[in-house]
Each structure stands twice: as structure tokens, then as C-alpha cells.
Amino acid sequence: MVQQFISEQLVIILNGLSGAATLFLLGTGMSLIYGMLNFLNLAHAAFLPLGAYLGASLIHATVGAVGGTLGFVGLFVVFFVLLLVVVPVTVSAIGLAMEQTAFKPLYGLEDDYQLLATFGVILMMEDAMKFIWGGQPVSATAPANLLGSFSLPGRTYPWWSVLTILVTVLVAATLYYFFEETRLGKITLAMAEDDEAVSFTGIDTRSIHLKVFVIGIALAALGGALYLPLASMTTGLALEFVILAFAVLVIGGLGSLKGAITASLIIGMVQAYGSYYVPVLELAIVFLLMAAVMLVKPTGLFGEIEA
Amino acid sequence: MSQDTTTGISIDIRQRLRNPGSVAGAVLLIGAFAFPYLPGTGQYEVFLLGQILAFAIAALAYNVLLGYTGLLSFGHAAFFGGSAYAIGLAMEYTGTSELLLLVPLGVLTAGAIAVVIGYISVRHTEVYYALLMLALAHLIYVITVKLYTVTGGTDGVPITTPTIGGVDYLASWGYAGYLMGVLYYVILIAFVITMVLLWAFMHSPFGLTLKTIRDDPERARAIGIPVRRYRWYASIMSGLFTGLGGAMYAVLNGHVTPGTVLHWSRSGELAFMTVLGGTGWFFGPITGAGAFIIIRSQAQQLTEYWHFMMGLVLFLVIVFEPEGLSGMGARIRRRVRQWRNSGGER
């Protein structure tokens, strides 16, 4: 009985953590880009489905081409390289191209207009994905099947979720190190404070802008690639991810890495416990939480920008 | 003070009567009343114009916030869909099918929602207002989807053809007669009422106060305007009329689902229509709603990827013509006048 309860709690916590992992990868980029570039990009969240779709195509192509001939380790390495390297790199290349064409003209606009224009961009991206991958749900469970699952008293749990959590922790730690310890990270933080002052020192702020932008998009794409093996992707999800990304942004505070981590953990856990004990309110709790945080502290838990 | 404003309005009206624009407006309005009887007009065209008018009501209401108060809302789907759902659920659970009861019910429900979420949201401005509206409105969407035993979940609720003043026009006139003979006029009258009332409100001291707040909230506060309270009033007024638009949409379409009326992307569409038409002009949103529905219906016939087209239009408008179609029209008119006077007023 007690054992049953413990394994139940463990599963909920793991679900919460893997949900938090996706949310963190989704929300951090959007938050950093707003914090550093003062650019509120609604379309950022659409890079997650893009990563997932691209990952699915690559996995299907690999399974079709090499199948079981590579053996367990070989195939796993291929999947890992595809999902963790090829997908983020390809998607951020697309993101970079979009930055040059679609997003650059929006930088000078007011937040309101940025929100609206990027709403237009997300509508375009949603349809472009529908055009390429069709309206049917897409899934690619091969990597998760390959890893299998481990057993707990009374249930089993997929290793892929654990892997997702580990990769995300690694990413979060790297980002933290980047901002706290490296020169480039410190310059980036300084730019968030005063862009112009930094550019007076002769630093090429535009190239740093681009780096932050590309890193943010790569993270969202990685989130999609890791999310896919245990779920399936449909085009409508792009619009749902936007609103979850906002929840991370708002609860954590715009432009704060610590905030994004904390907010993802809170939302992930609330969702995991919510869907286990009160399934009807699962998502509703997230938006109640978002509203509650905004009322008490409009800048979010770790937000520094004044409202 | 009200004395002055009344004269102000009557002077304004007299000036407008001399303006060729208002003559064109009057012709358009007469055309709208005659529309179902024009040669070549069928059910489809009347339905389309009905849609345009329903969305024009909502977009006019949306502009009370965006254009006049300077607040971007990403939560208007809550008012639009709240009203539509109130009507659908009332039909299902009380068996009422009287339009003259259902429409006020829808409008009041939207107003009640606006009282609550508006009160909470106006504590913040700019992005925070937009996001708070988004969160609260999406809460309503999520709850509606999840409570499928009550709301039908993603299947939505059917809205059967209502009686009007106790008369069942569908039974006696058939669908075409009902749509073209009664329902269209109900929507048109709702549209005219909205236009007249909002025009009067926006040209009253109330509207001027809102504009003052939009232009400079700090100064407005300094001269003693309770800014937050006026933003709340504006949200409620916007919510009520958006609800009227939602009610008209519901009875015209005969069925509502969370995805079509409550999802946050519908709020985005209302924002889109308003911006497309031009936020700085009172009549701009009407043009925007018309352009939106026409582009959408044409695009839908060409391709299933019409969202792409809408997104592109929205993007281009904001980048190249933030004042929307009205702004574009005004610039063209100005150019023409300049060319005619060869260097006239401005």
C-alpha cells in the first residue's frame, strides 16, 4: 500500500519534471529574447512544433533507411544526434532566416504591435507546417521504444522521459553558467540593461542579438524534438504552446532565466498533480496561477522590468 | 459641460452632412437595407454580409479599447464566445427560443464577464493587460472544453433557429425567407444601433476622457481622471457590444464550438480586423471586418491554407501601414485633394 503510494508519487513527480522540461525549453528562449532584445515574439512558440515535425521526418527516414541494421547503440546514437543536434541546428537556421526577413522590421515597434505582427507570423508558420506535414497527427515513437521503460511497483515508466529531464537539466545548467560566468554572458546581461551603452564600448551588439535569438530558437526546437517520441504533434498545438510559453514568461518574469526555471517547475508540477487528482481542472489551474501571479506581482516572480 | 458637448455633436453632425464621405456612408447604409432584394443577391451573399456585420459589431466594440483607450486585449473571445455560449446553453437547458430574450441574455453575460475580468485586467497596462486578458479568457475556454457534460466540450452547442417576437419565421417562410427576410435585418439593426450608440459614446465627454487616457495616462491622472476606473468602464462597454456581435454570430451560424468562439486566436482575429481597418478611425473596424471576411471567404475557396494569407496580410499591414485601410484611404484622399488644389491645405 505504502509502496503503491510512493510509486504513484514518483510517477507524478517524473511527469511533472518532464512537463517542466518541455516548458522550460519552450519558455526560456521567448523570455530571454524579450529580456535582451525587448522583442515580444508570439511566434517563438511555433518553433517547438517545427522541431517536433522535423524530428519526426528525420526519425522516419532513419528507421526506413537503416532500421535494425545498426544495432541498439548505433541506432540510438543516430537518434540522439538527429534530435539533439540536427533538429536544433536546422530549425535555428530557419529562425535566423526569419529574423532577417520577418522579425527585424518589428524591433522598433511598440510591444502591442509586435504581439499582433508576430500573431500574423504564427498563423503563417502554422499553415506552412500543415502544408508540409499534413493535418493528421504525426508521431515517431522509435527512440522511446528503443530505450524502453523501467518498472515501478504496479506500473512502468518510459526511460525517454528521464532522458528528457536529464538533457534539460544539462541545458539549464549550461545556460546558467553562460550568463553567470562567461564574458559573452555578462555582456548579454549588460545589454539587457542598456543596449546603447554597451554598443559605445565597441561591442557588436547586433551579432550578440543574433546569438541570443538563435540560442532561443534552438532551445524551442530541442524541446519539440524531445517532446515528440512520447506524444504526437498536430498543427493546432502551435497555438496551444504559445499560451503555455506565455504562462512560463508571465509567472517567471519577462527576461529572467531563474524565473523560467522556477515557473516551468511550478507549472509542470501543478499540471502533473492536477491531471492526476482533478483532471477536469488540469489546464485551468495553469491559467488561474498565471492570473494570480500577475495580480500579486505583475512582473512575475523574478521579473525586474517595471510594469 | 454637457451643453457644450451637445452643440459640439450637432456641429459635428452638420459638418459631416456636408462631407462627401458621410453621403457615401448613407448610400451604403441604404444599400445594406436593400441588399437582400438587389438583383443577383442570393442566400450566400446575405449570409456573408450578415457575418461581416456581426464581426463589424464586435470590431467596433474592440476599437473602444484599442483605438480609444489604448489597451490591446487578447481576451475578447471571452465576451464574444461567452455571449454565444450563454445563448446556446440557455436554449438547451431552459428550452427558450425567443430571440428577444436570448440576445439580451447573451449581451448581459458578456457584460458580466467583462465586469469581472476587466476589473482584474485594468490593474495593468500594455503587455501585462494583454496577457492578463489572455489568461483569464483562456481559463473560460479551457473550462468550457473540459466540462463536456455541461457544455458539450469541443463539440460545442447547437443553436436552433429562434422565434422572433413569438413568431416562428422558419416554419412559415423556410430558411431562405427567414435568413433574408428577418435574421439579416435583425443583425443589420443591431449593427446600426451599435454604430450609433458607440459613436455617441465616443464623442461624449466619456469618449474624450478615454482619449485623454490613451494619449497620456500620467497627465490624465494628474488632472483628476480616475484612470483605472475609466479603463474598466471602457472594458465593460467593449465587452457588452462584443457580446452583441457574438450573439449575432451565434444565431447566424446555428452552432458554436469553443474553437470557433472562445479560443484566444479569435481574440487575435478581432484585433486583426480592427488594425486592418484602422484603429484611429471610428468606422475603420467596419472596413476591417468586411475586408477580413471577404479575404477569408475568397482565400478559403482558393486554398485550405487561408490562415497563411491572413497572417501575411496582418504582418504587412503592421509593418507598412499601421494605420490600416482607413489610414491608406485618408492618405489617398489627401493626395487627391492636394493634386486638385495643387498645394492646398496640407
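About the thresholds
Residues numbered from 1 in each chain as written. Chains lettered and ligands numbered in written order. Predicted model: local features only at pLDDT ≥ 70, side-chain atom pairs only at ≥ 80, totals over all residues. Heavy atoms only, no water. Helix = DSSP H or I, 4+ residues; strand = E, 2+ residues; numbered from the N terminus. Buried < 20%, exposed > 50% of the residue type's maximum accessible area, 1.4 Å probe, protein only. Areas by Shrake-Rupley, 256 points an atom, 1.4 Å probe, with all protein chains shown as cover. Lys, Arg positive; Asp, Glu negative; His and termini not counted. Charge placed at Lys NZ, Arg CZ, Asp CG, Glu CD. 1 Å grid on protein atoms, 1.4 Å probe; cavity = no way out; pocket = protein on both sides within 12 Å on 5 of 7 lines; lining within 4 Å. Points joined across faces, edges and corners; volume = space filled by probe spheres on them. Nonpolar A, V, L, I, M, F, W, Y, C, P; charged D, E, K, R; others polar. Contact = heavy atoms within 4.5 Å. Buried area = accessible area lost by both parts, 1.4 Å probe. Phe/Tyr/Trp six-rings, centres within 6.5 Å; stacked < 30°, edge-to-face > 60°. Core = buried A, V, L, I, M, F, W, Y, C linked by side-chain atoms within 4.5 Å. Axes fitted to C-alpha atoms, helices over the stretch in contact; angles between N-to-C directions. Parallel < 35°, antiparallel > 145°, perpendicular 65-115°, else oblique. Left-handed = near helix turned anticlockwise from the far one by under 90°. Pairing = 2+ DSSP bridges. Expected span 1.5 Å × (residues − 1). Bend = angle between axes of the 7 residues up to and from the residue. pLDDT = per-residue confidence, 0-100.

For the overall build of chain A, give the residues involved together with the corresponding values.
When helices and strands are counted, chain A shows 12 helices and four strands. Looking at chain A as a whole, 53% of its 307 residues qualify as buried. Summing over all exposed atoms, chain A offers an accessible surface of approximately 12400 Å²; the carbon and sulfur share of this is 68%. The average position of the 9 basic charges and that of the 18 acidic charges among the side chains of chain A differ by 8 Å.

Describe in detail the layout of surface pockets, supporting the description with residues and values.
Over the atoms, a rolling probe the size of a water molecule traces out where space has been left empty. One number sums up the size of the second largest pocket: a volume of about 780 Å³. Lining the second largest pocket are 31 residues; nearest its centre among them are Asn15, Gly19, Tyr227, Gln271 and Glu282 of chain A. Mapped by element, the contributors of at least two residues to the lining of the second largest pocket are α1 (2-37), α6 (159-181), α9 (205-227), α10 (237-252), α11 (257-277) and α12 (282-296) of chain A together with α6 (126-146) of chain B. At eight residues, α1 of chain A tops the list of elements feeding residues into the lining of the second largest pocket. When the residues that make up the lining of the second largest pocket are grouped by side-chain class, the tally is 17 nonpolar, 11 polar and three charged.

I'd like a description of the interface of chain B and chain A, backed by residues and values.
In this complex, chain B contributes 41 residues to the contact, which on the side of chain A involves 45 residues. Summed over both sides, the interface between chain B and chain A buries roughly 3900 Å², with carbon and sulfur atoms accounting for 79% of that surface. Among the residues of chain B in contact with chain A, Tyr128, Trp264 and Phe315 of chain B are the three that bury the most area, contributing 18% of the side total. Of all the secondary-structure elements, those providing two or more residues to the side of chain B that touches chain A are α6, α13 (264-277) and α15 (306-320) of chain B. Per-element accounting of the side of chain B that touches chain A gives the leading share, 15 residues, to α6 of chain B.

How would you sum up the packing of aromatic side chains? Please name residues and give values.
One pass over the full model with this rule turns up 25 aromatic pairs over all chains. For the pair Phe131 of chain A and Tyr305 of chain B, a centre-to-centre distance of 5.3 Å together with 80° between the ring planes defines the contact as edge-to-face. Here Phe131 of chain A, found in helix α4 (residues 111-133), pairs with Tyr305 of chain B, found in the loop between α14 (284-302) and α15, and the two come from separate chains. Seen from their ring centres, Phe150 of chain A and Trp159 of chain A are 4.6 Å apart, and the 45° between their planes marks the pair as tilted. For Phe150 of chain A, a relative accessible area of 18% gives the class buried. Classification of Trp159 of chain A as partly exposed rests on a relative accessible area of 40%.

How would you sum up the environment of Glu193 of chain A? Please name residues and give values.
Note on placement: Glu193 of chain A falls in helix α7 (residues 183-193). Since its relative accessible area comes to 66%, Glu193 of chain A is described here as exposed.

Requested: an account of the nonpolar core, with residues and values cited.
Counting 207 residues, the largest nonpolar core has Phe103 and Phe246 of chain A together with Phe191 of chain B as its most contacted members. Every residue in contact with Phe191 of chain B, bar those within four places of it in the chain, is listed here: Leu53, Ala56, Ile57, Leu60 and Ile286 of chain B. Core analysis: the next-biggest nonpolar cluster, separate from the first, contains seven residues, Leu14, Leu152, Tyr157 and Val162 of chain A among them.

Could you give an account of the packing of α6 of chain A against α7 of chain A, with specific residues and numbers?
Residue and element names in this part refer to chain A. Interaxial distance between α6 and α7 falls to 5 Å at its minimum, and their mutual angle equals 75°. With respect to their mutual orientation, α6 and α7 come out roughly perpendicular. Judged by residue contacts, Phe178, Phe179, Glu180 and Glu181 of α6 engage Arg183, Leu184, Gly185, Lys186, Thr188 and Leu189 from α7. For the contact of α6 with α7, the per-class residue count stands at four nonpolar, two polar and four charged.

So, the packing of helix α4 (residues 77-94) of chain B against helix α11 (residues 227-253) of chain B: which residues are in play, and what are the values?
Residue and element names in this part refer to chain B. Running from N to C, α4 and α11 point in directions that differ by 50°, and their axes come no closer than 7 Å. Our classification of the angle between α4 and α11 gives oblique. Pair α4 / α11 crosses with right-handed handedness. Contacts between α4 and α11 pair Phe79, Phe80, Ser83, Ala84 and Ile87 from the former with Gly239, Thr242, Gly243, Gly245, Gly246, Ala247, Tyr249 and Ala250 from the latter. Classifying every residue of the contact of α4 with α11 gives seven nonpolar, six polar and no charged.

Any details on the pairing of strand β2 (residues 149-152) of chain A? Residues and values, ideally.
Residue and element names in this part refer to chain A. On β2, burial follows the alternation: Phe150 and Leu152 on one face are buried, whereas Ser149 and Ser151 on the facing-out side are not. Sheet topology places β2 next to strand β3 (residues 155-158); four bridges connect them, and they run antiparallel. Residue pairing for β3: Phe150 is matched across the bridge by Tyr157. Here β2 folds back onto β3, and the loop between the two strands holds two residues, one of which, Gly154, carries a positive phi near 85°.

Outline α1 of chain A, listing residues and values.
All names here are of chain A. Compared with an ideal rise of 1.5 Å per residue, which puts 36 residues at 52 Å, α1 spans 51 Å between its outermost C-alpha atoms and is within 8% of the ideal. Where α1 bends most, the angle comes to about 25°, and this point is Gly27. Burial of α1 is extensive: 26 of the 36 residues sit out of reach of the surface. Positive phi shows up at Asn38, right after α1, with a value of about 55°.

How would you explain the side chain of Thr168 of chain A if you had to name every residue and give the values?
Here Thr168 of chain A lies in helix α6. Among all residues touching Thr168 of chain A, those that are not within four sequence positions of it are Ala21, Phe24, Leu25 and Leu226 of chain A.

How would you summarise the environment of Gly166 of chain B if you had to cite specific residues and measurements?
Residues and elements named next belong to chain B. Its place among the elements puts Gly166 in the loop between β1 (157-158) and α8 (169-202). Residue Gly166 is classed as exposed on the basis of its relative accessible area, which comes to 57%. The sequence separation of Gly166 and Leu100 amounts to 66 residues, and the corresponding C-alpha distance is 8.9 Å.

Talk me through the confidence of the model for chain B; I want residue IDs and the actual numbers.
Residues and elements named next belong to chain B. Taken as a whole, chain B shows an average pLDDT of 85; of its residues, 93% reach a score of 70 or greater. The weakest mean pLDDT in chain B belongs to helix α1 (residues 2-18) at 60; the strongest belongs to α11 at 93. At the level of chain-chain contacts, confidence expressed as ipTM amounts to 0.84, with global pTM at 0.85.

Tell me about the environment of Gly277 of chain B, and please be specific about residues and values.
Residue placement: Gly277 of chain B occurs in helix α13. Expressed as a C-alpha distance, the spacing of Gly277 of chain B and Pro322 of chain B, which sit 45 residues apart in the sequence, is 9.7 Å.

Describe in detail helix α2 (residues 47-65) of chain A, supporting the description with residues and values.
Spanning 19 residues, α2 of chain A covers 27 Å between terminal C-alpha atoms, matching the ideal 27 Å at 1.5 Å per step. The complete set of buried residues in α2 of chain A reads Phe47, Leu48, Pro49, Leu50, Gly51, Ala52, Tyr53, Leu54, Gly55, Ala56, Ile59 and Thr62 of chain A.

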